[in-house]
Amino acid sequence: QVQLVESGGGLVQAGGSLRLSCAASGSIFSINTMGWYRQAPGKQRELVAIMTSSGNTNYADSVKGRFTISRDNTKNTVYLQMNSLEPEETAVYYCNFRTIYKATTGPAYWGQGTQVTVAS
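Residues numbered from 1 in each chain as written. Predicted model: local features only at pLDDT ≥ 70, side-chain atom pairs only at ≥ 80, totals over all residues. Heavy atoms only, no water.

Chemist: Can you help me understand the overall build of the protein chain in this one?
Modeler: Counting its secondary structure elements, the protein chain contains zero helices and 11 strands. Seen in sequence order, the protein chain has helices and strands lined up from the N terminus as β-β-β-β-β-β-β-β-β-β-β. On C-alpha atoms alone, the protein chain measures out to a radius of gyration of 14 Å, which is about the 14 Å that the 2.2 N^0.38 rule sets for 120 residues. Overall, the C-alpha framework of the protein chain stretches about 50 × 30 × 25 Å when taken along its three principal axes. The contacts in the protein chain between residues at least 6 apart in sequence include a share of 53% that link residues at least 24 apart. When the accessible surface of the protein chain is split by element, carbon and sulfur atoms take 47% of a total near 6600 Å². Here the protein chain holds 10 positive side-chain charges and 7 negative ones, and the gap between their average locations is 9 Å. (Helix = DSSP H or I, 4+ residues; strand = E, 2+ residues; numbered from the N terminus. Rg over C-alpha atoms; globule rule 2.2 N^0.38 Å. Contact = heavy atoms within 4.5 Å. Areas by Shrake-Rupley, 256 points an atom, 1.4 Å probe, with all protein chains shown as cover. Lys, Arg positive; Asp, Glu negative; His and termini not counted. Charge placed at Lys NZ, Arg CZ, Asp CG, Glu CD.)

Chemist: Whenever I open this one, the side chain of D72 confuses me. Can you help?
Modeler: Note that D72 resides in strand β7 (residues 67-72). One buried charge, D72, has no salt-bridge partner; the nearest side chain with opposite charge is K75, at 4.1 Å. D72 has contacts with T77 and Y79, leaving out every residue within four places of it along the chain. (Buried < 20%, exposed > 50% of the residue type's maximum accessible area, 1.4 Å probe, protein only. Salt bridge = Lys/Arg side-chain N within 4 Å of Asp/Glu carboxyl O.)

Chemist: Sorry if this is basic, but what is going on with the state of the cysteines here?
Modeler: Put plainly, a disulfide is one covalent bond tying together the sulfur atoms of two cysteines. By the definition in use, this model includes one disulfide. Each disulfide pairs two cysteine sulfurs, and for C22 the partner residue is C95, the sulfurs being separated by 2.0 Å. Residues C22 and C95 share a disulfide whose torsion about the S-S bond is about 55°; that sign makes it right-handed. On the criterion of sequence distance, the pair formed by C22 in strand β3 (residues 18-25) and C95 in strand β9 (residues 91-101) is long-range, its members being 73 residues apart. (Disulfide = S-S within 2.5 Å.)

Chemist: Just checking my understanding: could you explain the pairing of β3 for this structure?
Modeler: Sheet topology places strand β1 (residues 3-7) next to β3; five bridges connect them, and they run antiparallel. Following the sheet pairing, Q3 is matched in β3 by S25. As judged from the six bridges shared by β3 and strand β8 (residues 77-82), these two strands associate in the antiparallel manner. Paired with S21 across the strands is Y79, a residue of β8. (Pairing = 2+ DSSP bridges.)

The structure is reproduced here in structure tokens:
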């Protein structure tokens, strides 16, 4: 049984900051990537940030310089530090782990989502 539990969402004023956390429990053998996605009302889900197993990171252009993805491998936890938040970034944020199983693509796991609301 693998579960990803998210925390850290909430209501902030424009220009404020939040740090999201996502901790995995259960048996995860090999994590390929850890990432964060978001889905705003009426919008498609989009990739916000991703970190590979080697530690390389990629960000959506809209968040570069303001968001930082990090991890704690000893806790199977990924974080997203979000600074200078804008109202347009109000969305449900989801963490995602992709795995490797027998040298091939393994299961993917999703968090339950955490609401981030940025007030104007």
